[in-house]
Amino acid sequence: MHLTRFLTQLISETGGVSLEDTLVLAEQSPSHAEEVAQVRDFRELLGRFRLNQSPLEPLLEHPVSLALEGFFRAFPIPFRDEHIHLTGSLDAEFIHPRLQRLLDGPQRALYEAKIAEVYGRDALPIGSVADVDRLIRLGEGERFDRYLKILYLPKLILLDRQAHHDAAYHMASRLWRTSNVGSLRLKFTLMRETTDPSEQIPGIEAITPEDVVMGLYDGFRAFQREQPAFRFVLSPSFRKEPGFFDASRYRTKRDSFDDQVRQIIALLKKHPELTDVLNEVDTVGNERGFYRKAHFQEMRVGMRKLQGYGFRTRSHHGETWNTLRQGVQAVDNAMNIWHVDAIEHGLGLGINPNFYFHSMLQRMLHANAKREPIPTGSREHAEVMDMDWSGREGIRDKLLNGQSLTGDETTLATKTKFHHAGEVEHYQHDVLNRMIDKRLTLVSLPSSNKKLTGALEDYKDHPFSWWEKKGLRLGVGTDNDITLNTSFLREMLILLYTDPLELKITKLLIVTTGESRRPYLSHLLWQMRKAT
């Protein structure tokens, strides 16, 4: 408490300068000896984190981090979570009693079989909140494919309008109370029917898109009556994958998507009160293999129809990729074909191609020195095959097969990598500059980007601060805060720690609150100082 008060006073008196400057000034404080000692220890730990000598977790658990979290929690303007999904943001306390009712019912064997199919036999029996919590959290080292699977458990309980009402109210209340989040852009699935057996949900056929939308709307409105400052946007999200639709009802993916578009428009006509909150859509799912122009055609006409009704379009792209070039290409085509207004994740636009490809080449050359082949299906294999080896195919094959390269061959492999990195970098900056020109928003999700993609060596490599310097419009989200073991305040701290030298605390507040009037923010900071 004393440390939070100390930092709040210092931040308010300096107008929210960078974290490093704040810590330097804190160390020079003529009083507060105990707090100064804690700040000095934290600053040393932060330095080790930046030098890859300490992981993130000890930094987040330090008393100074807890004090900064307290400062953000008390900030007078609630924060805006620009990207949060329904299924990955329901906690075990909410899920367990509702799941238990299903397991105690006549279809227990069916539900247990489905749970075992997705989570394994060790998931059973489920008898407590802790059992549920264990299943809905992403494990250490688990990546994107597994992440999509473990979102299954919350889907089992979202079977009627009341369940969606309760879920929306619970989520809004929890985030308001614990993370000072007062605005949500909620991603949710309108229709969950699919031909994928592992994604099929017992009883899902009984719920309609109207039940889903109106349940969520009524739940958020109920919380809004208690907290009038609360705001929300309902963002129906459609799976991109070609096979993710109900083949028993629709002939093609396009037929399925077009019908959902029709239902959304019909909902707005039937419930005009939705107009202010149901005004955008998103696309989600695994985008590996979804990057060519042809991949975007099935949903293009439906997107254009929604835009004709005033909808904005957002898309998860640049999140995962087989090759970095394809990750950039996916964003490019989303802009050109779907005319998106925002890119969610966009990590492929923040990876430094020269570092990315050279570090990859170094790993491959270490393996080559040991005569180890590059595994088929690995990221390294995909990237090598994506490079232009014209006239050097023999060198490529030796590298892939673990046959030792000569010194001259290593030089030629390095030149091939160099030119490929330059091409990708040029493409990447071209896309970024067009995003700036079109004033598109790029939403950052540091925990999701680090845990799910494997493309970031560490959290400090997240490109948020670089994007901010380049002039992109930015937002921040948690993605699935429960599944990813994070919170909005934790995401803010991570972003602050990625660039403690230059990212100003005030700039982070501007991005996360949407309030850009700096004099007003300074006034609010001073009011916080008075309150301490």
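Everything in this summary refers to the structure shown in the same document. The residue count restarts for each chain, going from 1 along the sequence in the order it is written. Residues qualify for local features only when their pLDDT is at least 70, as the model is predicted, and side-chain atom pairs are given and counted only at 80 or more; totals for whole chains, interfaces and linings, by contrast, use all residues. With hydrogens and water excluded, all non-hydrogen atoms of the structure serve as input to the side-chain values.

**Quick notes on the nonpolar core**
Where we set the bar: Residues belong to a common nonpolar core when they are buried Ala, Val, Leu, Ile, Met, Phe, Trp, Tyr or Cys residues joined through side-chain atoms within 4.5 Å. Throughout this description, buried means an accessible area under 20% of the type-specific maximum (1.4 Å probe, protein chains only), exposed means over 50%, and partly exposed covers the range between. Here a strand is any run of E in DSSP of at least two residues, a helix any run of H or I of at least four, and the numbering for each starts at the N terminus. Only heavy atoms enter the contact rule, under which two residues are in contact if any of them lie within 4.5 Å.
Counting 141 residues, the largest nonpolar core has Phe72, Leu99, Ile115, Leu234 and Tyr497 as its most contacted members. Examining the composition of this core, we find that 8 residues originate from one element, helix α22 (residues 488-498), more than from any other. When residues no more than four places from it in sequence are discounted, the contact partners of Tyr497 are Leu19, Phe42, Leu46, Phe49, Leu56, Leu59, Leu60, Ser65 and Leu68. Residues Leu324, Leu361, Met387 and Ile395 belong to the second largest nonpolar core, which totals 22 residues.

**A closer look at the sheet that holds strand β7 (residues 441-444)**
Note the threshold: DSSP calls a pair of strands paired once it identifies at least 2 bridges connecting them. Every angle, taken between N-to-C directions, lies between 0 and 180 degrees, and every axis is a line fitted to C-alpha atoms, over only the stretch in contact when it is a helix.
What the 8 strands build is an open sheet, ordered β1-β2-β3-β4-β5-β6-β7-β8; its pairing is parallel. The open sheet has two free edges, formed respectively by β1 (79-85) and β8 (473-476), since each of these has just one partner strand. Across the sheet, the mean angle from the axis of one strand to that of its neighbour is 25°, orientation sign disregarded. Direction of pairing for strand β2 (residues 181-188) relative to strand β3 (residues 231-239): parallel, over a ladder of 6 bridges. Paired with Lys187 across the bridge in β3 is Ser235. Those strands touched by helix α12 (residues 209-226) are β2 and β3, and its axis lies near 160° from that of β3. Where helix α23 (residues 505-513) meets the sheet, it contacts β1 and β8, and its direction lies at approximately 55° from that of β1.

**Quick notes on the packing of helix α15 (residues 324-337) against helix α19 (residues 407-438)**
Basically, it comes down to this: The labels follow the angle: roughly parallel below 35 degrees, roughly antiparallel above 145, roughly perpendicular from 65 to 115, and oblique for the rest. What makes a crossing left-handed is the near helix being turned counterclockwise from the far one by less than a right angle; a clockwise turn instead makes it right-handed. Amino acids are sorted into nonpolar (Ala, Val, Leu, Ile, Met, Phe, Trp, Tyr, Cys and Pro), charged (Asp, Glu, Lys and Arg) and polar (every other residue, Gly among them).
Viewed as axis vectors pointing N to C, α15 and α19 meet at an angle of 30°, and their least axial separation amounts to 10 Å. Judged on the interaxial angle alone, α19 and α15 are roughly parallel. For the pair α15 and α19, the crossing hand works out as left-handed. Contacts from Leu324, Arg325, Val328, Gln329, Val331, Asp332, Met335 and Asn336 in α15 reach Val424, Tyr427, Gln428, Val431, Arg434, Met435 and Lys438 in α19. Counted by class, the contact of α15 with α19 contains 8 nonpolar, 3 polar and 4 charged residues.

**Structural notes on the packing of aromatic side chains**
The condition is simple: Pairing of aromatic rings covers Phe, Tyr and Trp, the last through its six-membered ring, and needs centres within 6.5 Å; plane angles under 30 degrees mean stacked, over 60 mean edge-to-face, and all others mean tilted. By the criterion adopted, a ring carries a charge over it if an Arg CZ or a Lys NZ lies within 6 Å of its centre and within 35 degrees of its normal.
Going through the model one piece at a time under the given rule, you end up with 18 aromatic pairs. Geometrically, the ring pair formed by Phe230 and Phe232 is stacked, given 6.1 Å between the ring centres and 20° between the ring planes. Cluster of aromatic residues (ring-pair linked, three or more members): Tyr169, Trp176, Tyr217, Phe220, Phe223, Phe230 and Phe232. Above the ring of Tyr520, the side-chain terminus of Arg517 is found at 4.8 Å from the ring centroid.

**A short note on helix α13 (residues 253-270)**
Threshold: In a helix, the anticipated span is given by 1.5 Å times the number of residues less one.
For α13, which comprises 18 residues, the first-to-last C-alpha distance of 26 Å matches the rise-based estimate of 26 Å (1.5 Å per residue) to within 8%. Within the span of α13, buried status applies to Lys253, Ser256, Phe257, Asp259, Gln260, Val261, Gln263, Ile264, Ile265, Leu267 and Leu268. Those residues of α13 hidden inside the fold are in contact with α12, β3, β4 (280-284) and α14 (300-308).

**Concerning the environment of Arg48**
Counting through the fold element by element, Arg48 comes out in helix α3 (residues 33-50). For Arg48, a relative accessible area of 35% corresponds to the partly exposed category. Linking Arg48 and Asp104, residues 56 residues apart in sequence, is a C-alpha distance of 51 Å. Not counting chain neighbours up to four residues away, the residues in contact with Arg48 comprise Gln53 and Ser54.

**Observations regarding the packing of helix α17 (residues 379-386) against helix α18 (residues 393-401)**
Axis angle and axis distance: for two packed helices, these are the angle between their axes and the distance between the axes, and together they describe the pair. Put simply, α17 and α18 touch, their axes get as near as 11 Å, and they point 175° apart. When the axis of α17 is compared with that of α18, the two are roughly antiparallel. In this structure, α17 contributes His381, Val384 and Met385 to the contact, and α18 contributes Arg396, Leu399 and Leu400.

**A short note on unusual backbone geometry**
Glycine aside, negative phi is the norm for most residues, and most peptide bonds take the trans geometry. Put simply, Leu124 and Pro125 share a cis peptide bond, and its omega is -5°. Tracing the chain through its elements places Pro125 in the loop between α7 (108-119) and α8 (129-136). Positive phi, close to 55°, is recorded for Asn180, a residue that is not glycine. Looking at the element boundaries, Asn180 is found in the loop between α11 (161-179) and β2. Of note in the backbone geometry, His339 takes a positive phi value of approximately 55° without being a glycine. Within the fold, His339 resides in the loop between α15 and β6 (342-345).

**A word on the pattern of salt bridges**
Keep this limit in mind: Salt bridges are identified by distance alone: a Lys or Arg side-chain nitrogen within 4 Å of an Asp or Glu carboxyl oxygen.
All told, the structure shown has 40 salt bridges when counted by the stated rule. A salt bridge links Arg490 to Glu57, with the nearest nitrogen and oxygen atoms 2.8 Å apart. With Arg490 in helix α22 and Glu57 in helix α4 (residues 56-61), this pair connects stretches of sequence that are 433 residues apart. Assessed through its relative accessible area of 14%, Arg490 is described here as buried. Classification of Glu57 as partly exposed rests on a relative accessible area of 36%. What you see here is one network of salt bridges that share partners, running through Arg80, Glu82, Arg185, Lys187, Glu280, Asp282, Arg314 and Glu344.

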